Amino acid sequence: MGLFDKLFRKKENEEIKEQVDKEKENTIKKSNEVSEVEEKKENQKINISQRLTKSKEGFFSKLKNIFTSKSKVDDSIYEELEDLLLQSDVGLSMTTNLINKLEKELKSNKVDNTEEVYEILKKLMSEFLLSQDSKIYLKDNKINVILVVGVNGVGKTTTIGKLALKYKKLGKKVLLGAGDTFRAAAVEQLEEWAKRADVDIVKGREGADPASVVYDTLSKAESIKADVVIIDTAGRLHNKSNLMRELEKINNIIKKKIGEQEYESLLVIDGTTGQNGLNQAKEFNSVTDLTGFIVTKLDGTAKGGIVFSVSEELKKPIKFIGLGEKIEDLIEFNAKDFVEAIFN
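Everything numeric here is computed off the predicted structure, so don't read it as measured data.

Novice: Looking at this model, I keep getting lost on the layout of surface pockets. Mind explaining?
Specialist: Where empty space is left can be seen by rolling a probe of water-molecule size over the atoms. As a volume, the second largest pocket reaches approximately 290 Å³. As for the second largest pocket, its lining consists of 14 residues, of which Asn251, Lys255, Tyr263, Ser265 and Asp289 are closest to the centre. Its residues assigned to classes, the lining of the second largest pocket shows 2 nonpolar, 7 polar and 5 charged.

Structural data, given as structure tokens:
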């Protein structure tokens, strides 16, 4: 082998070694990235599980006790289960539906072992949540509108502030619309969140027509090319007809401004209020086309059944849940993670 061949072979070997080393480095890097993602997911699951301690020790602990205290399935199990589900804000309609499905499945599969019954019940309850798409899909080069409704005291304004900060951190240009013109404190609170999130806000004078504020907000969104517009609405109106008229005006303004593009209309519910929260959801759903729910203060309730009942009875998904006061405690709702956290 000549000198030229030796030099060429040596160079070729060095290039191969360099390529192998580079591929090895990339493999390690990807592996580390996957590990970080998995670790992040695991931390989130642990966080959800820890924050739902009250519900786990309350409702779901009692639920498990019904089955572990008996060796065989009998009529008393259905009676105890019905009482517990109703006490835990699951709601009459879903409770009746759930027990009927459970009884039918146990008979068709000839199940009489109570441990198996618990797993079947877990599966049935999970199905009510897993059938819903809880994602919010943001469109590029479009104004993504999120209209937020709900009564005073549920954490609506704070939730809007947390959403603004979340989307800002994702690199989105966010604009807030202070549509709750009937309550000065709501505007001031939203202004404070706008400062914290470093986003723009549009507000009107106290008592101004909320629809005009919405119009001004969307006009500004067009001029500054905002990605996400989050609009607050009044949490207290005198009666149902007033609420209907106000929300109808606001929805008409949004449709006029953004055309046929779909937008989110989210109801904020206080998870500790139980059946009252479910009734609010039914009322709002009757006057506006809700696309989903945000359930706050879930870390503070020992019941937790409202998560299942509101989603099932109104056939709308839960988009976010609130598990505390911090910004990171408002998280996108993941049905699978939620079910694993509370049942396991």
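What follows picks up the thread again.
Novice: Would you take a moment to explain helix 4 (residues 75-87) for this structure?
Specialist: Since one α-helical turn is 3.6 residues long, residues separated by three or four positions face the same way. For helix 4, which comprises 13 residues, the first-to-last C-alpha distance of 19 Å matches the rise-based estimate of 18 Å (1.5 Å per residue) to within 8%. By the burial criterion, the buried members of helix 4 are Ile77, Tyr78, Leu81, Leu84 and Leu85. Looking down the long axis of helix 4, one finds its buried residues gathered within 135° of arc, a one-sided arrangement. When the buried face of helix 4 is taken as reference, the exposed residues oriented beyond 90 degrees from it are Asp75, Glu79 and Gln87. Aspartate 89 lies just past helix 4 and shows a positive phi near 70°.

Novice: Looking at this structure, I do not really get helix 12 (residues 306-314). What am I missing?
Specialist: For helix 12, the tally of buried residues reaches 8 of 9 residues, placing the bulk of the element in the interior. Among the residues making up helix 12, those that are buried are Ile306, Val307, Phe308, Ser309, Val310, Ser311, Glu312 and Leu314. A positive backbone phi angle near 55° is found at lysine 315, which sits one or two residues after helix 12.

Novice: Looking at this model, I keep getting lost on the UniProt feature "domain: SRP54-type proteins GTP-binding" (unreviewed entry) in the protein chain. Mind explaining?
Specialist: Listed under "domain: SRP54-type proteins GTP-binding" (unreviewed entry) in the UniProt record, and renumbered for this structure, are residues 317-330. Summarising residues 317-330: 0% helix, 43% strand, and an end-to-end C-alpha distance of 16 Å.

Novice: In this structure, what is going on with the packing of aromatic side chains? I would like to understand it.
Specialist: Aromatic ring pairs: the centre-centre distance and the angle between the two ring planes describe each pair. Applying the stated criterion across every chain yields a total of 5 aromatic pairs. Judged by centre distance (6.3 Å) and plane angle (55°), the ring pair of phenylalanine 60 and phenylalanine 308 falls under tilted. In this pair, phenylalanine 60 is assigned in helix 3 (residues 59-68) and phenylalanine 308 in helix 12, connecting sequence segments 248 residues apart. As far as the burial class goes, phenylalanine 60 and phenylalanine 308 line up, both buried.

Novice: In this structure, what is going on with the packing of helix 11 (residues 275-287) against helix 12? I would like to understand it.
Specialist: The description of two helices packed together rests on the angle between their axes and the distance between the axes. Following both chains from N to C, one finds helix 11 and helix 12 inclined at 25°, their axes separated by 10 Å at the closest point. Comparing the axis directions of helix 11 and helix 12 gives the class roughly parallel. For the pair helix 11 and helix 12, the crossing hand works out as right-handed. Residues Gly277, Leu278, Ala281, Lys282 and Asn285 of helix 11 form the contact with helix 12, whose participating residues are Ile306, Ser309, Val310, Glu313 and Leu314. Here the residues of the contact of helix 11 with helix 12 are counted per class, giving 5 nonpolar, 3 polar and 2 charged.

Novice: What's the story with the nonpolar core in this structure? I'm lost.
Specialist: Generally speaking, nonpolar side chains in soluble globular proteins are found buried as a group. Formed by 73 residues in total, the largest nonpolar core has its most connected members in Leu63, Ile254 and Phe338. At 8 residues, helix 6 (residues 114-130) tops the list of elements feeding residues into this core. Contact partners of leucine 63, with chain neighbours within four places excluded, come to Leu81, Leu84, Tyr118, Leu121, Met125 and Phe343.

Novice: Help me understand the environment of isoleucine 48, please; the structure alone is not making it clear to me.
Specialist: In this structure, isoleucine 48 sits in helix 1 (residues 3-51). For the pair formed by isoleucine 48 and isoleucine 342, sequence separation is 294 residues and the distance between their alpha carbons is 8.7 Å. Not counting residues within four places of it along the chain, the set of residues in contact with isoleucine 48 comprises Leu323, Ile331, Asp337 and Ala341.

Novice: Please explain unusual backbone geometry as it appears in this structure.
Specialist: Residues apart from glycine generally show negative phi values, whereas peptide bonds are mostly found in trans. A positive phi angle, near 60°, is found at aspartate 198, a position not held by glycine. Looking at aspartate 198, the relative accessible area reads 58%, which means it is exposed. The backbone of lysine 297 shows a phi angle near 60°, a positive value even though the residue is not glycine. You can see lysine 297 is positioned in the loop between strand 6 (292-296) and helix 12. Judged by relative accessible area, lysine 297 falls into the partly exposed class, the value being 32%.

Novice: What is the right way to look at the sheet that holds strand 7 (residues 318-322) in this model?
Specialist: The strands that make up a sheet are held in pairs by hydrogen bonds between backbone atoms, and each pair lies either parallel or antiparallel. Ordered in space as 3-2-4-1-5-6-7-8, the 8 strands form an open sheet in which the pairing is mixed. At either margin of the open sheet sits one strand with a lone partner, and together these are strand 3 (200-203) and strand 8 (330-332). When the angles between neighbouring strand axes are averaged without regard to direction, this sheet yields 20°. One ladder, built from 4 bridges, connects strand 1 (residues 144-149) with strand 5 (residues 264-270); its direction is parallel. Pairing of isoleucine 146 across the sheet is with glutamate 264, part of strand 5. Helix 11 rests against strand 1, strand 5 and strand 6 of the sheet, and its axis sits at about 155° to strand 5.

Novice: Teacher, can you tell me more about a negative patch on the surface here?
Specialist: Where like charges cluster on the molecular surface, the negative patch consists of Asp74, Asp75, Glu79, Glu82 and Asp83. Structurally, the position occupied by aspartate 75 is in helix 4. In this structure aspartate 75 comes out as exposed when scored by relative accessible area, which is 57%.

Cut-offs applied
- Residues numbered from 1 in each chain as written.
- Predicted model: local features only at pLDDT ≥ 70, side-chain atom pairs only at ≥ 80, totals over all residues.
- Heavy atoms only, no water.
- 1 Å grid on protein atoms, 1.4 Å probe; cavity = no way out; pocket = protein on both sides within 12 Å on 5 of 7 lines; lining within 4 Å.
- Points joined across faces, edges and corners; volume = space filled by probe spheres on them.
- Nonpolar A, V, L, I, M, F, W, Y, C, P; charged D, E, K, R; others polar.
- Helix = DSSP H or I, 4+ residues; strand = E, 2+ residues; numbered from the N terminus.
- Expected span 1.5 Å × (residues − 1).
- Buried < 20%, exposed > 50% of the residue type's maximum accessible area, 1.4 Å probe, protein only.
- Arc of directions from axis to C-beta.
- UniProt positions renumbered as here; feature names shortened; annotations may be inferred.
- Phe/Tyr/Trp six-rings, centres within 6.5 Å; stacked < 30°, edge-to-face > 60°.
- Axes fitted to C-alpha atoms, helices over the stretch in contact; angles between N-to-C directions.
- Parallel < 35°, antiparallel > 145°, perpendicular 65-115°, else oblique.
- Left-handed = near helix turned anticlockwise from the far one by under 90°.
- Contact = heavy atoms within 4.5 Å.
- Core = buried A, V, L, I, M, F, W, Y, C linked by side-chain atoms within 4.5 Å.
- Pairing = 2+ DSSP bridges.
- Patch = residues over 30% accessible without salt bridge, like charges linked within 9 Å, V, L, I, M, F, W, Y side chains within 5 Å.
- Areas by Shrake-Rupley, 256 points an atom, 1.4 Å probe, with all protein chains shown as cover.
- Salt bridge = Lys/Arg side-chain N within 4 Å of Asp/Glu carboxyl O.
- Lys, Arg positive; Asp, Glu negative; His and termini not counted.
- Charge placed at Lys NZ, Arg CZ, Asp CG, Glu CD.

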